[in-house]
There are 2 protein chains.
Amino acid sequence: MRLGIDLGGTNIAVGLTDEKGTLLCRHSNPTGVGRAREEILSDICRTAVELCEKYGISTQEVESIGIGVPGSVNKAECKMVFGTNLGMNQVRFEEVFRPAFSCPVYIDNDANCAALGECYGGAGIGCDSMVMVTLGTGIGGGLVFHGRIFSGCGDVAGEIGHMVIQMDGEPCNCGKRGCWETYASASAAIRMVKQAMEEHPESLLHEVAKEQGKVGAINLFLARDRGDAVACELFDRYVRYLSIGVGNLISILQPERVIIGGGIVGQGEKLLAPLRELVYAELMMAEGKRPEILAATAGNDAGIIGAAMLDS
Amino acid sequence: MRLGIDLGGTNIAVGLTDEKGTLLCRHSNPTGVGRAREEILSDICRTAVELCEKYGISTQEVESIGIGVPGSVNKAECKMVFGTNLGMNQVRFEEVFRPAFSCPVYIDNDANCAALGECYGGAGIGCDSMVMVTLGTGIGGGLVFHGRIFSGCGDVAGEIGHMVIQMDGEPCNCGKRGCWETYASASAAIRMVKQAMEEHPESLLHEVAKEQGKVGAINLFLARDRGDAVACELFDRYVRYLSIGVGNLISILQPERVIIGGGIVGQGEKLLAPLRELVYAELMMAEGKRPEILAATAGNDAGIIGAAMLDS
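An account of the accompanying structure is given in this report. Predicted model only: the values in this text are computed from it and were never measured.

### Quick word on the relation of the copies chain A and chain B
Screw-axis analysis of chain A against chain B gives a translation of 0.0 Å along the axis, an RMSD of 0.0 Å, and a rotation angle of 180°. Each copy turns onto its partner about a two-fold axis. A symmetric contact is evident, with 100% of the interface residues of chain A recurring at the interface of chain B.

As structure tokens, then:
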């Protein structure tokens with residue numbers, strides 16, 4: 001039995017899985033950010049213990065604990081290095097579980113855990129090499145080779161959003177210019193929609209924004225569905241930006257699957273079909289050798305499953 | 001004892017190594033491109049047998065044979081799929097060695113073998129993850145993780161030269177635009193030098209070209225050494241192009257080492273020092289976590305050593 005924890009800003013979500021990463025049960029408590037760090041840490045252990053009780057096993061039956069955290073990590077020391085949002089810099093997680101558990105404890109960042117979760121419980125099941133691409137505020141990444149996270153030499157591999165696709169292009173928060181995420185993240189899509197709305201008062205994007213009550217990346221799809229010319233042009237541009245980075249990952253890594261996650265992927269084939277078309281057209285690869293491009297499917301459980309399967 | 005073969009357009013170079021990839025002896029015969037394919041294949045086996053005789057071992061003492069070929073491969077079938085330059089499409093190499101050897105036979109392309117050779121006999125010794133970047137007509141790549149080539153799902157990972165760093169940029173032979181190799185290969189450097197010579201008749205690049213008897217990438221360094229302003233500007237631009245791709249590889253993979261190969265790397269620190277400076281400045285990584293950026297050192301033996309260590 002493996003125990004995985006997805007430590008988020010809102011909830012401490014905990015799950016038990018079998019050796020293959022099948023989720024058996026889950027449980028959660030609020031994180032309560034803002035409280036003393038010792039209180040939160042004690043609650044993390046308590047939530048794990050409560051889950052064992054709920055499932056009717058003793059804590060000694062847990063063979064490994066994995067925790068996914070929103071920050072940078074030092075895997076060898078099982079430490080969250082920077083976790084500023086939670087007020088948890090330099091926390092060693094092994095000690096957190098010692099009051100109740102005696103098994104090994106593993107850590108990784110939440111993006112890597114989500115990728116590993118897709119590998120064991122989502123669109124990556126059964127594949128030997130996958131790259132997870134999460135479209136959000138930025139573009140997060142996770143590389144999973146042979147069922148394990150590839151972390152590189154400093155536990156920070158997978159910063160795919162900061163791959164430069166346009167030298168001297170859009171400025172990025174990281175200080176560089178032309179990073180992929182400044183063109184193809186969900187935030188970039190929203191920025192593009194806002195700019196198009198300013199430039200095209202006639203566009204249906206305005207009507208959609210009114211109906212939705214906000215300007216989101218999804219508005220692009222809704223206006224395009226109604227045949228709005230501005231949205232169609234914008235959509236093609238966005239998918240092209242997305243395809244450049246996906247194509248680069250494939251040129252470099254040729255993974256068996258590229259799995260796209262993030263809210264925008266709820267649009268399914270509306271996004272994926274044109275993305276595949278562009279990527280495949282540029283790769284000129286024999287059909288059998290083409291990496292599959294799929295939507296993430298593990299949803300909210302990905303983080304728990306991936307954490308449970310850390311270092312397996 | 002392992003046997004490695006570097007099959008090139010000029011020579012069939014063969015070597016014996018120990019289990020750790022230390023080269024014990026080498027031997028070669030001309031490839032004789034243009035001859036019947038059976039003749040060349042028979043010569044490959046003969047060259048391997050001659051090496052064993054030279055070293056005083058029986059062919060039965062060879063535990064594995066690896067061959068690096070200038071073309072695309074199917075590793076599972078030990079096959080060179082396309083080897084047009086040698087007139088050797090669809091050759092199964094296992095059969096080639098059966099007359100004299102009974103050990104397993106492995107295959108990979110020459111770029112991957114060179115990368116693996118650096119890992120076991122060059123600048124990559126002792127490191128857990130490395131990316132080899134070879135600056136030539138294009139930019140070749142090889143990914144070595146945990147002492148093994150990472151091939152991806154279609155045996156074609158490592159096409160790093162075709163990572164796009166400038167959307168809608170320079171046209172590339174592959175059909176795309178803005179590929180890294182159109183900016184940072186040795187050929188790209190030569191193209192830049194030629195263009196600068198046309199635009200700047202006052203540049204010392206002309207004098208250097210006369211002295212060298214040709215326009216090569218190295219002319220850029222020679223004119224820069226003499227303080228030529230055009231060459232200095234061009235050099236900075238070239239190193240910047242190089243740094244974008246190296247930076248992207250680091251963002252994605254965070255390998256322990258990035259190893260740069262190709263004739264231009266004979267310039268050593270003149271190229272590497274400014275490259276490191278640019279890459280590190282953009283990465284904003286703690287010093288201890290920075291991947292090392294080094295020149296390849298295994299030279300002509302890299303291909304043999306890497307071939308010998310295939311699938312080890």
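The rest of the description comes next.
### Observations concerning the packing of aromatic side chains
For the structure on display, the rule yields 11 aromatic pairs over all chains. Plain terms: the ring middles of F145(A) and F150(B) are 4.3 Å apart, the flat faces sit at 35° to each other, and that makes the pair tilted. Here F145(A) is found in strand 10 (residues 139-145), whereas its partner F150(B) is found in the loop between strand 11 (148-149) and helix 4 (181-184) on a different chain. The pair formed by F145(A) and F150(B) is uniform in burial state, with each residue classed as buried. With a centroid separation of 5.5 Å and 75° between ring planes, the pair formed by F221(A) and F235(A) is classed as edge-to-face. Of this pair, F221(A) sits in helix 7 (residues 217-225) while F235(A) is found in helix 8 (residues 229-253), placing the two residues 14 residues apart along the sequence. Residue F221(A) shares its accessibility class with F235(A), and that shared class is buried. Here a set of aromatic residues connected by ring pairs shows up, and it is made of F145(A), F150(A), F145(B) and F150(B).

### Notes on helix 1 (residues 37-55) of chain B
Residues and elements named next belong to chain B. Here helix 1 is 19 residues long and its end C-alpha atoms lie 28 Å apart, about the 27 Å a rise of 1.5 Å per residue gives. Looking only at helix 1, the buried set comprises I40, L41, D43, I44, C45, T47, A48, L51 and C52. Of the surrounding elements, those touching the buried residues of helix 1 are strand 1 (2-7), strand 2 (11-17), strand 3 (23-30), strand 4 (64-69), strand 7 (91-92) and helix 2 (93-97). Of the residues one or two after helix 1, G56 is the one with positive phi, at around 80°.

### A closer look at the packing of helix 5 (residues 186-199) of chain B against helix 6 (residues 205-212) of chain B
Geometry of a packed helix pair, given as the angle between the helix axes and the separation of the axes. Residues and elements named next belong to chain B. Look at helix 5 against helix 6: their axes get within 9 Å of each other, and the N-to-C directions meet at 125°. Between helix 5 and helix 6, the interaxial angle falls into the category oblique. Along its contact with helix 5, which presents V193, A196 and M197, the element helix 6 presents L205, H206 and A209. Looking at the contact of helix 5 with helix 6 residue by residue, the class counts come to 5 nonpolar, 1 polar and no charged.

### Observations concerning the pairing of strand 9 (residues 129-135) of chain A
Residues and elements named next belong to chain A. With respect to burial, strand 9 is a largely interior element, 6 of its 7 residues being buried. Where strand 9 and strand 10 come together, 7 bridges link them in antiparallel fashion. Bridging across to strand 10, M130 finds its partner in V144. Taken together, strand 9 and the strand that follows it, strand 10, pair antiparallel across an intervening segment of 3 residues. Sheet topology places strand 9 next to strand 12 (residues 257-261); 5 bridges connect them, and they run parallel. Opposite M132, over in strand 12, you have I259 as the bridge partner.

Here is what the cut-offs are and how they apply
Every residue gets a number counted from 1 within its own chain, in the order that chain's sequence is written. By the order in which they are written, chains take letters starting at A while ligands take numbers starting at 1. For this predicted model, a pLDDT threshold of at least 70 governs which residues receive local features, and a threshold of 80 or more governs which side-chain atom pairs are given and counted, while totals over whole chains, interfaces and linings are taken from all residues. Side-chain calculation: all heavy atoms of the structure are included, whereas hydrogens and water are not. C-alpha atoms of residues with pLDDT of at least 70 in both copies form the basis for the least-squares superposition of the copies. Only heavy atoms enter the contact rule, under which two residues are in contact if any of them lie within 4.5 Å. The pairing test for Phe, Tyr and Trp rings, Trp by its six-membered ring, is centres within 6.5 Å, and the orientation test on the planes gives stacked under 30 degrees, edge-to-face over 60, and tilted for anything in between. Helix and strand definitions here come from DSSP, where helices need a minimum of 4 consecutive H or I residues and strands a minimum of 2 consecutive E residues; each element is numbered from the N-terminal end. Partly exposed residues are those whose accessible area sits between 20% and 50% of the maximum for their type, while under 20% is buried and over 50% is exposed, using a 1.4 Å probe and protein chains only. A helix is expected to reach a length of 1.5 Å times the quantity of its residues less one. In this analysis, axes come from line fits to C-alpha atoms, helices being fitted only over the stretch in contact, and the angle between any two N-to-C directions falls in the range 0 to 180 degrees. Angular relationships are summarised with four words: roughly parallel below 35 degrees, roughly antiparallel beyond 145, roughly perpendicular across 65 to 115, and oblique for the angles in between. Each residue receives one of three labels: charged for Asp, Glu, Lys and Arg, nonpolar for Ala, Val, Leu, Ile, Met, Phe, Trp, Tyr, Cys and Pro, and polar for the others, Gly being one of them. The rule for pairing is simple: two strands pair if DSSP sees at least two bridges between them.

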